[in-house]
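# Working through the structure, step by step
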Amino acid sequence: MSSIPSTGSLTTTINAAVATLTFGHPASNSFPRVLLDQLTAALKAMSNNPEVSLIVIQSEGEGAFCAGASFDELLAVSNEAEGAHFFSGFAHLINAMRSCSKLIIGRVHGKAVGGGVGIAAACDYVLASTSAAIKLSELAIGIGPFVIEPAVSRKIGKTAMSEMTLAAHEWKSADWAVAKGLYAATYATQQELDAAIASFSTKLASYNPEALFEMKKVLWEGTENWDTLLLERASISGTLVLSEFTKNALAQFKK
């Protein structure tokens, strides 16, 4: 377990063939690059672990599920190479989720913004709380959800993706997320959510691992170009984050 406050924390537990990856960060469970890399590495390790049949991704606390990218690190980007490097962290994470040999269940207990929505979309099945509203605020700060767009569009469609992206100031409710296919179901309390996660993951982990593996491949057919596509998208974001508009917007958001 890593628990340095500035970089966040990541814990991995394995119980009855279910691996649970829990990430956390003091700033609303946002992601500095090092934490993105840790979660990516953990997913790859679990993908190759024969004792694991299923993965659950969740975050710490009772507040936000994930606030997306670290504002501090976005503000610190000083050139295009640094920008592309930072956003490539989300590209590598989503690709690790896509290519993982195990199905991934998402537990979304609170609000998700930007990259947090991308993580939820890259899960194979998501259960959430009724308070788990979502927002893609990237255009409001002068960039765009370019890296996560393929994952989000794959899950909810281009039309809903466009609606979220262009209404960058609007929260979409958990009910909206269920209707669009991002969440499979929602629960009023964290206790009910945890019970549902436990029940569903236990059932799924009891199924034939070979069948689960083949199903995972079927679910992600047609995404083979993402290894290149998402890095290309990271370069777009890495350039835009250097704009004066984005620097000023990030400074205002931080205040």
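All figures in this text were calculated on a predicted structure; none of them were measured in a lab.

What counts and how
- Residues numbered from 1 in each chain as written.
- Predicted model: local features only at pLDDT ≥ 70, side-chain atom pairs only at ≥ 80, totals over all residues.
- Heavy atoms only, no water.
- Helix = DSSP H or I, 4+ residues; strand = E, 2+ residues; numbered from the N terminus.
- Rg over C-alpha atoms; globule rule 2.2 N^0.38 Å.
- Buried < 20%, exposed > 50% of the residue type's maximum accessible area, 1.4 Å probe, protein only.
- Contact = heavy atoms within 4.5 Å.
- Areas by Shrake-Rupley, 256 points an atom, 1.4 Å probe, with all protein chains shown as cover.
- Lys, Arg positive; Asp, Glu negative; His and termini not counted.
- Charge placed at Lys NZ, Arg CZ, Asp CG, Glu CD.
- Expected span 1.5 Å × (residues − 1).
- Arc of directions from axis to C-beta.
- Pairing = 2+ DSSP bridges.
- Right-handed = clockwise from strand over helix to strand, strands pointing away.
- Axes fitted to C-alpha atoms, helices over the stretch in contact; angles between N-to-C directions.
- Parallel < 35°, antiparallel > 145°, perpendicular 65-115°, else oblique.
- Left-handed = near helix turned anticlockwise from the far one by under 90°.
- Nonpolar A, V, L, I, M, F, W, Y, C, P; charged D, E, K, R; others polar.
- Disulfide = S-S within 2.5 Å.

### Observations concerning the overall build of the protein
Scanning the protein from terminus to terminus reveals eleven helices and nine strands. Computed over its C-alpha atoms, the radius of gyration of the protein comes to 17 Å, within 12% of the 18 Å expected for a compact globule of 255 residues. Its C-alpha atoms give the protein principal-axis dimensions of roughly 55 × 35 × 35 Å. Expressed as a percentage of the 255 residues in the protein, the buried residues total 55%. Sequence separation of at least 24 residues holds for 74% of the intrachain contacts in the protein that already meet a minimum separation of 6. On the protein, roughly 10900 Å² of surface is accessible, and the fraction owed to carbon and sulfur atoms is 57%. With 19 positive and 23 negative side-chain charges, the protein shows a separation of 2 Å between the mean positions of the two kinds.

### Describing helix H8 (residues 190-205)
The end-to-end C-alpha distance of H8, which contains 16 residues, comes to 22 Å, matching closely the 22 Å that a straight helix rising 1.5 Å per residue would cover. For H8, the complete set of buried residues consists of Gln190, Leu193, Ala196, Ile197, Ser201, Leu204 and Ala205. The buried residues of H8 occupy an angular sector of 145° when projected down its axis, which confines them to one face. In H8, the exposed positions angled more than 90 degrees off the buried face are occupied by Gln191 and Thr202. The elements touched by buried residues of H8 are strand S3 (18-24), strand S4 (54-59), strand S5 (103-108), strand S7 (125-129), strand S9 (185-187) and helix H9 (209-219).

### Description of the pairing of S4
The buried fraction of S4 amounts to six of the six residues, a majority that puts the element mostly inside the structure. Residues Leu54, Val56 and Gln58 point to one face of S4 and Ile55, Ile57 and Ser59 to the other, with burial holding for every one of them. Examined bridge by bridge, S3 and S4 share six bridges and lie parallel to one another. Bridged to Thr20 within S4 is Val56. Assessed by its sense of winding, the connection that carries the chain from S3 through helix H1 (residues 33-47) to S4 is right-handed. Direction of pairing for S4 relative to S5: parallel, over a ladder of four bridges.

### A closer look at the packing of H1 against helix H3 (residues 80-99)
Where H1 meets H3, the axes come as close as 9 Å, and the angle between the chain directions of the two elements is 20°. Of the possible angle classes, the one that applies to H1 and H3 is roughly parallel. The chirality of how H1 crosses H3 is left-handed. Residues Arg33, Leu36, Leu39, Thr40, Leu43 and Lys44 of H1 pack against His85, Phe86, Ser88, Gly89, Phe90, His92, Leu93, Ala96 and Met97 of H3. Of the residues contributing to the contact of H1 with H3, the split by class is eight nonpolar, five polar and two charged.

### Looking at the state of the cysteines
Per the counting criterion, the structure on display carries zero disulfides. With no disulfide of its own, Cys123 has Cys100 as its nearest cysteine by sulfur position, at a separation of 10 Å. The class of Cys123 is buried, set by a relative accessible area of 2%.

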